[in-house]
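Breakdown of the fold
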Amino acid sequence: MPDEVVTRFAPSPTGFLHIGGARTALFNWLFARHAGGKMLLRIEDTDRERSTDAAIAAILDGLKWLGLDWDGEAIYQSRRADRHREVAEQLLAAGKAYYCYASPEELDEMRAKARAEGRPPRYDGRWRDRSPAEAPPGIKPVIRLKAPQTGETVLEDKVQGRVAWANENLDDLVLLRSDGTPTYMLAVVVDDRDMGITQIIRGDDHLTNAARQMQIYQALDWQVPAMAHIPLIHGTDGAKLSKRHGALGIDAYRAMGYLPAALRNYLVRLGWSHGDTEFFTTEAMIESFDLAHIGRSPARFDFSKLENMNGHYIRASREEDLVAALVETWPHLPDRDDLPKALDASMQKKLLAAMPGLKERAKTLAELRDGAAFLFAERPLALDAQAADILNSGGRDHVARLLPRLADLREWTSAATEAAVRAYAEETNLKLGQVAQPLRAALTGRATSPGIFDVLRVLGREESLGRLADQAH
RNA sequence: GCGCCCAUCGUCUAGCGGUCCAGGACGUUGCCCUUUCACGGCAAAAACAGGGGUUCGAGUCCCCUUGGGCGCGCCA
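**Details of the protein's contact with RNA strand B**
Contacts to RNA strand B come from 66 residues, most closely from Asp 47, Arg 177, Gly 271, Arg 361 and Arg 440. Tyr 184 is positioned with one of its backbone polar atoms (N or O) 3.1 Å from a phosphate oxygen of RNA strand B. Contact between RNA strand B and Arg 440: a base oxygen at 2.6 Å from a side-chain N or O atom of the residue. When residues of the surface near RNA strand B are assigned to their parent elements, the largest contribution, five residues, is made by helix α17 (residues 432-444). Of the residues assigned to the surface near RNA strand B, the class counts are 22 nonpolar, 21 polar and 23 charged.

**Overview of the environment of Val 188**
Mapping Val 188 onto the fold places it in helix α5 (residues 184-194). Val 188 has contacts with Arg 8, Arg 42, Glu 44, Gln 77, Arg 202 and Gln 213, leaving out every residue within four places of it along the chain.

**Quick word on the side chain of Asp 192**
Residue position: Asp 192 is located in helix α5. In contact with Asp 192, not counting residues within four places along its chain, are Arg 8, Arg 42, Ile 197, Ile 200 and Tyr 217.

**Section: helix α12 (residues 345-359)**
Taking 1.5 Å as the rise per residue, α12 with 15 residues should run 21 Å; its terminal C-alpha atoms sit 20 Å apart, in good agreement. For α12, the principal kink sits at Ala 353 and spans about 45 degrees; a proline, Pro 356, occurs within the next four residues. Among the residues making up α12, those that are buried are Met 347, Leu 351, Ala 354, Met 355, Gly 357, Leu 358 and Lys 359. In this structure, the buried residues of α12 make contact with α10 (303-316), α11 (319-329), α13 (365-371), α14 (373-376) and α18 (452-459). The opening residue of α12, the one whose side-chain oxygen lies 3.2 Å from the backbone nitrogen of Ser 346, is Asp 344.

**Topic: the sheet that holds strand β5 (residues 142-145)**
Hydrogen bonds along the backbone pair up the strands of a sheet, which may run parallel or antiparallel. Strand order in this open sheet of three strands is β4-β5-β8, and the pairing throughout is antiparallel. Pairing within the sheet leaves two strands with one partner each, and these edge strands are β4 (97-100) and β8 (174-176). Within the sheet, the average angular offset between the axes of one strand and its neighbour, ignoring direction, is 45 degrees. Alignment of β5 against β8, held across two bridges, turns out to be antiparallel. Residue pairing for β8: Arg 144 is matched across the bridge by Val 174.

**Brief notes about the packing of aromatic side chains**
In total, this model carries 11 aromatic pairs according to the counting rule given. When the ring of Tyr 253 is compared with that of Tyr 258, the centres are 6.4 Å apart and the planes differ by 45 degrees; the resulting orientation is tilted. The exposure class assigned to Tyr 253 is buried, which follows from its relative accessible area of 0%. Look at Trp 330 and Phe 376: their rings are 6.0 Å apart centre to centre, the planes differ by 85 degrees, and that puts the pair in the edge-to-face class.

**Digging into the sheet that holds strand β2 (residues 38-43)**
On the basis of which strands lie adjacent, the open sheet formed by three strands has the order β1-β2-β3 and parallel pairing. The open sheet is flanked by β1 (6-9) and β3 (75-76), the only strands paired with a single partner. Across the face of the sheet, helix α2 (residues 53-66) comes into contact with β1, β2 and β3 while running at roughly 160 degrees to β2.

**Side note on the packing of helix α15 (residues 385-407) against helix α19 (residues 461-472)**
In contact at an axis separation of 8 Å, α15 and α19 are set at 140 degrees when each is read in the N-to-C sense. Classed by the angle they form, the pair α15 and α19 counts as oblique. At the point where α15 passes α19, the crossing takes the left-handed sense. Taking contact as the criterion, the partners of Leu 391, Arg 396, Val 399, Ala 400, Leu 403, Leu 406 and Ala 407 in α15 are, on α19, Arg 461, Leu 465, Leu 468, Ala 469, Gln 471 and Ala 472. Class assignment of the residues belonging to the contact of α15 with α19 gives a composition of 10 nonpolar, one polar and two charged.

**Overview of the nonpolar core**
Counting 55 residues, the largest nonpolar core has Leu 351, Leu 358, Leu 375 and Phe 376 as the members making the most contacts within it. The dominant element in this core, judged by the number of residues it contributes, is α15, at seven residues. Once residues lying within four places of it in the same chain are set aside, the contact partners of Leu 358 are Leu 351, Leu 368, Gly 371, Ala 372, Phe 374, Leu 375 and Pro 450. Membership of the second largest hydrophobic core comes to 49 residues, among which are Leu 17, Ala 25, Leu 270 and Phe 280.

**Observations regarding the pairing of β5**
Because side chains alternate across β5, one face comprises the buried residues Val 142 and Arg 144, and the other comprises Ile 143 and Leu 145, equally buried. Relative to β5, β4 runs antiparallel, the two being bridged by four bridges. The residue of β5 that forms the bridge with Cys 100 is Val 142.

Criteria and cut-off values
- Residues numbered from 1 in each chain as written.
- Chains lettered and ligands numbered in written order.
- Predicted model: local features only at pLDDT ≥ 70, side-chain atom pairs only at ≥ 80, totals over all residues.
- Heavy atoms only, no water.
- Near = heavy atom within 4 Å.
- Polar contact = N/O pair within 3.5 Å; in protein donor to acceptor, adjacent residues only side chain to side chain.
- Helix = DSSP H or I, 4+ residues; strand = E, 2+ residues; numbered from the N terminus.
- Nonpolar A, V, L, I, M, F, W, Y, C, P; charged D, E, K, R; others polar.
- Contact = heavy atoms within 4.5 Å.
- Expected span 1.5 Å × (residues − 1).
- Bend = angle between axes of the 7 residues up to and from the residue.
- Buried < 20%, exposed > 50% of the residue type's maximum accessible area, 1.4 Å probe, protein only.
- Pairing = 2+ DSSP bridges.
- Axes fitted to C-alpha atoms, helices over the stretch in contact; angles between N-to-C directions.
- Phe/Tyr/Trp six-rings, centres within 6.5 Å; stacked < 30°, edge-to-face > 60°.
- Parallel < 35°, antiparallel > 145°, perpendicular 65-115°, else oblique.
- Left-handed = near helix turned anticlockwise from the far one by under 90°.
- Core = buried A, V, L, I, M, F, W, Y, C linked by side-chain atoms within 4.5 Å.

Without other data, these values stay purely geometric and don't point to any function.
Below, the structure written as C-alpha cells:
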C-alpha cells in the first residue's frame, strides 16, 4: 500500500522528553492513527558526545507512560552512518556536492565579515568550483552540498502555509564532516526517505531546516515528504520554556500526579482545536484530529487548565482504576513522612472504599493521596492547626458526648451514624456543622475531608471510636 | 545584523467578508447548594496590538508600524 501514511517522532536523546516533544509525538501519533497509518520512532543520536542511554530510556519511558505507541522497532540514527556516507558519496559523484577544505578559522572569519557587512553569516562557497587538486596539505575536507544560488526554495507547509526562502540566503551546508560522519541535515533526509516517511510533523524551530533539507531532497531527486511545522510551546511569560516554568521532563508530570489521558487532552488542545470541544476521549481525538486546525501562533503552557482537566479526568475515572493509578504512581509522588511507602492489600481496600468521597476533592493523584492520608494515619492522630483549634475551642465536649451514642449504635452505617449525630445536634440546638467539624477534626486530624459519615463508615467502628476517644479529653 | 514565523478576553481558543454591540473553556469575582473542603448550578467582569488601505460591508483580505518567537555550527 504505497499510499499509507507514515509519520515519525525523532527525538535527540540529549535530555529528557520535554512537554513540547511530548506534544510533537502526540500529534504524529494522532495523525498516523487517524489515517490508519504508522508512526515510527527514530532516535537521533548522531551526536555521540551528548547522547546518553539514560536519555533514551527516559524518552521511551515517557512515551509509553503517555500511551503513545510506535510501530516497529526504534531506529537509531547512529547505526546508519554508512548509509548516510553512501548518499554523500553519491551526491559527490553526481557533481551535486564537493569537497571543502576551508579551516574552522577561515569559516569564523567569513562569518564575522558577513555579519559586519550586514549579510547573513554563511559559507561563501570558495571551494565550490575549485579542484581538490588545489587542496592544502594535511587538511581533511568536509563534503558540502552544491546548493542552488539563485531562485527560491518553497515549502508548502501544512500548518504554516507557503514559506519561501531566497536561495542566495542559504549557503552550501555540510553533509559529511571531515571525520567522515554525517551531519544531522543529511541523516534526517536519508532516514526519512529510507523509512518511507510521508508526513513530517515537528516543531517550528525546524522550519529553516526544512528549506535546507529540501535542497538535499532536490539534489537527490527524491520526493519531499509533506511537512507540518507546529508552533512551539512557551512558558507562562511568553518566553521560551525554561526549567522554571514548565520545561520539565514528562516524568515530572507523572510525579505531580497528572493522568496520562488528561495530559494528552490538555496537550492536544494546545495549538489545535475542534470547534468548542474541550474534552476528547482517545477515540474522539483520533477521529477528529487534523492538521488544518492547528494554529500558527505559539501557545503558553498553563498549569491551572491542566489541573482542571486532570481533576475532571479523576472524577470521571472508575474507583478501581484510580486505586490502580495511585498504586502505580505512589513511588513517583513527592514524599510525605506520614504516608506509607507502599500500599498493601488492606490499605488498597480502604482506599477503594473511600475513593468516591476522595476523588471529588482531588485535582491530581498527589492531592488524592494527600486526601487519603487520614486512612493511613495511626492513633493517636497528629492534628493540624485548624483541627486542633476546632477541638480546643469546645469541640472536645461534643466529641465526648457523641462518643457513647455512637458506641451504642447497633449497626455501623453512614445512615445510622448520621441519624445519631443529627439527633444530638437537634437536642442541643446546634447546627450540624457545629458537631460535624469536631468529629472531622478528631477523626481525620484536619478541618477538611470527605463527608463525615463516609469517613466514619470507611474507618470502621473500632478505629472511629478509638480516634474519637483519643480526643474526647 | 540577516532570514523566516506569529499577533482575538490574564491563559487556551472559536471565528474561514455580512449571521460578532465577538462564542466556548481555564482562571478571577459574586450568588445558590452544603456537615468542612470540593463538586455542581447561576451570574458578572474580561479581547479583535496600532495605523493605513481594498470593499456597500473587515476580527476575517493587503501593506506598514509595534511587539513576541524561531533560525543562522564540521549541534541536533
